[in-house]
Amino acid sequence: MEEIFAKFVSQKISKTRWRPVPFGSLQPPETFATGSWDNEENSVSLWCIGDFCNLSTDGGLEGDHQLLCDIKHHGDVIDLQFLDQERIVAASSTGCVTVFLHHPNNQTLSVSQEWIGAHYHIGPCSPSYRSAPCTGIVCNSPEIVTVGEDGRINLFRVGYKEAVRTIDNADSSTLHAVAFLQTPGILTVNSIGQLKIWDFRQQGNEPSQILSLTGDRVPLHCVDRHPNQQHVVATGGQDGMLSIWDVRQGSMPVSLLKAHEAEMWEVHFHTSNPDHLFTCSEDGSLWQWDASTDVPEKSSLFHQGGRNSTLLAHPSSNQLNVNHSLISSWLSTDPAKDRIEITSLLPNRTLSVNSLDVLGSCLLCGTDAEAIYVTRQLF
C-alpha cells in the first residue's frame, strides 16, 4: 500500500463516505463527504482529492485532499450516506434526517429535504416527546431507511413529506445500525447483541428472523452484508469482536473473531473483492482482514511495522457442513485451524477511528484526532 495521506481539519470526524462513481466508470473516486460531531458547530463537508480538484488553491501537496464546500449541521452527524451523485443524507443526534444537495457549478451544499423528529421518545405519562438520535441510515434511491435510539424503523421516500412506512416498536432497545439484505429486506443490530431481519412486504411489526450472540448480550454497533452472497453478514460489537453470520442457518454466528481492544464502530466488505473486510475501532486502529483462499496456508498473522502477533479466533458451534465450493471464504474458513491475515493500515495508533469507507483501491477514514486519512493504492 502506498503512503496514506493525513489532513488535520480542526473538527472531530464522525463519518466518511466516498461519492459513488458513475456506473461502468473505471475511474477511481474523486470526491468524498464527511460529517463531524462533538464540536461547537458541526457540519457536513465535501472534499476532493488533490489531483482532481481543479481549483485555484494554494498549491496543496500532491495527494492532499481539499475542501470543496460545507454546510452547518444541527446536532452531531451520527451517520452519512450518498443517495446518488448529487445528494447526501445525514442522520442527526437530534433525531432529524436531512438530504443535502450538491451544486457543482458554484460548489455549495443546500438542504433539499428534511424530516424533523424522525426519531423520538414518547413521554410515559403524556403525549409529549423528546428527540432520540437517528443512529443509522441506508439508501437505495429514492428510498431511505432509518433506525434510531427509540427502536423505531422508518422508510422514507424522497419527495414525500411523511414516512412511507414506520415500525414504531421495532425494538425495545437501541437500534445501532441498518443495512439492506435483499430488496425489500433490511438487517438491524441492537444494544442487546441481536441481529434482526425485516421484510417490508410484511405488514406486522415483527422481524422475519432473529439471530443473537450467546452468553453476554454485548451490544452490536455495526453491520454489513457480503456484496455477492447476501446470506453472509459481518457485525462488530462493543467488545471489539468481529462476528460472521450465515442468516440461512441457525440463530448464532458462524465465527467469532477476537479483534479490537475496544468498540468496533464500522465494518465493511470490499464491494469488488469481498474476501477483504475492513474495520475501525475506538482503540484507534484501522484494520484490513484477508480471508482469501490464496493466502499461503493462512499462516499470516497481524502485521504492523514489520512485527507479527497471533490472532485469537473462536469457532462457533454453529459452523456449517455445506459445499465449500459454493460458499464464501468467510464461511469456509475454520478459525480453529486457519489464520486470517490482518494488516494495520494506520502508521500509528490515534484517538478513536470512527468511520471508514472503501471503494476500489481507495480507502478513507476519519478520527477523533481531527484527522482524515486517505490512500488511493490499497492493493
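Residues numbered from 1 in each chain as written. Predicted model: local features only at pLDDT ≥ 70, side-chain atom pairs only at ≥ 80, totals over all residues. Heavy atoms only, no water.

**Student:** Explanation requested: the overall build of the protein chain in the structure shown.
**Tutor:** A count of helices and strands for the protein chain gives one helix and 33 strands. Contacts in the protein chain between residues at least 24 apart in sequence constitute 52% of all its contacts with a sequence separation of at least 6. Put simply, the protein chain shows about 16,800 Å² of open surface, and 47% of that area lies on carbon and sulfur atoms. (Helix = DSSP H or I, 4+ residues; strand = E, 2+ residues; numbered from the N terminus. Contact = heavy atoms within 4.5 Å. Areas by Shrake-Rupley, 256 points an atom, 1.4 Å probe, with all protein chains shown as cover.)

**Student:** What's the story with the packing of aromatic side chains in this structure? I'm lost.
**Tutor:** Centre distance and the angle of the planes are the two values used to describe a pair of aromatic rings. Inspection of the entire model under this criterion finds five aromatic pairs. Note on Trp 115 and Phe 156: the rings are 4.5 Å apart at their centroids and 25° apart in plane angle, and the pair reads as stacked. Here Trp 115, found in strand E9 (residues 108-115), pairs with Phe 156, found in strand E14 (residues 153-157); they are 41 residues apart in sequence, far enough to count as distant. Summarising the burial analysis for this pair, Trp 115 and Phe 156 share the class buried. Between the aromatic rings of Trp 287 and Trp 289, the centroid separation amounts to 5.9 Å while the plane-to-plane angle is 55°, which identifies the pairing as tilted. (Phe/Tyr/Trp six-rings, centres within 6.5 Å; stacked < 30°, edge-to-face > 60°. Buried < 20%, exposed > 50% of the residue type's maximum accessible area, 1.4 Å probe, protein only.)

**Student:** I keep staring at the nonpolar core and nothing clicks. Help me out?
**Tutor:** Generally speaking, a soluble globular protein has its nonpolar side chains buried in company with each other. Grouped together as the largest cluster of nonpolar side chains are 19 residues, with contacts concentrated most on Ala 234, Leu 242, Ile 244, Val 267, Leu 277, Trp 289 and Trp 330. Among the elements that line this core, the one with the most residues is strand E24 (residues 264-269), at three residues. Not counting residues within four places of it along the chain, the set of residues in contact with Leu 277 comprises Ala 234, Leu 242, Val 267, His 268, Phe 269, Trp 287, Gln 288, Trp 289 and Trp 330. (Core = buried A, V, L, I, M, F, W, Y, C linked by side-chain atoms within 4.5 Å.)

**Student:** Any chance you could explain the sheet that holds strand E5 (residues 65-73) here in plain terms?
**Tutor:** One open sheet holds the four strands; their spatial order is E2-E3-E4-E5, and the pairing between them is antiparallel. In this open sheet, the two strands that pair with only one neighbour each are strand E2 (13-18) and E5. Strand-to-strand twist in this sheet, taken as the mean axis angle between neighbours without regard to direction, amounts to 20°. Sheet analysis places strand E4 (residues 42-49) next to E5, joined by eight bridges and oriented antiparallel. Its bridge partner being in E5, Ile 49 is matched across the sheet by His 65. (Pairing = 2+ DSSP bridges. Axes fitted to C-alpha atoms, helices over the stretch in contact; angles between N-to-C directions.)

**Student:** Would you explain the pattern of salt bridges in this entry?
**Tutor:** Where charged atoms from two side chains of opposite charge approach closely, those side chains can pair. Scanning all chains against the criterion turns up 13 salt bridges. Of the charged contacts in the structure, one is a salt bridge between Glu 266 and Lys 15, with a shortest N-O distance of 2.6 Å. Of the two residues, Glu 266 is situated in strand E24 and Lys 15 in strand E2; the sequence distance between them amounts to 251 residues. You can call Glu 266 buried: its relative accessible area is 4%. (Salt bridge = Lys/Arg side-chain N within 4 Å of Asp/Glu carboxyl O.)

**Student:** Sorry, what's going on with the sheet that holds strand E18 (residues 194-199) here?
**Tutor:** Read across the sheet, four strands follow the order E16-E17-E18-E19 without closing on themselves; strand pairing throughout is antiparallel. Edge strands, defined here as strands with exactly one partner in the open sheet, are strand E16 (175-180) and strand E19 (209-212). On average, each strand axis in the sheet is tilted by 20° relative to the strand beside it, whichever way the strands run. With four bridges connecting them, E18 and E19 associate as antiparallel partners. Following the sheet pairing, Ile 197 is matched in E19 by Gln 209.

**Student:** Would you explain the confidence of the model for the protein chain in this entry?
**Tutor:** Low pLDDT means the predicted coordinates in that region are not meant to be read closely. Put simply, the protein chain has an average pLDDT of 86, and 83% of its residues get 70 or more. Under a pLDDT of 50 for its full length, residues 56-61 has, in the predicted model, two contacts with residues more than four places off or in other chains. Confidence drops under pLDDT 50 across residues 295-326; counting only partners more than four residues distant or on other chains, this segment forms 72 contacts. (pLDDT = per-residue confidence, 0-100.)

**Student:** Teacher, can you tell me more about the layout of surface pockets here?
**Tutor:** One water molecule sets the probe size; rolling that probe over the atoms shows where empty space is left. Within this model, the largest pocket holds a volume of roughly 1,700 Å³. Along the walls of the largest pocket sit 50 residues, with Arg 17, Asp 79, Gln 81, Ile 137 and His 268 positioned nearest its centre. Among the secondary structure elements, those contributing two or more residues to the lining of the largest pocket are E2, strand E6 (77-82), strand E12 (134-140), E16, strand E20 (220-225), E24 and strand E31 (353-359). For the lining of the largest pocket, the element with the most residues is E12, which contributes six residues. (1 Å grid on protein atoms, 1.4 Å probe; cavity = no way out; pocket = protein on both sides within 12 Å on 5 of 7 lines; lining within 4 Å. Points joined across faces, edges and corners; volume = space filled by probe spheres on them.)

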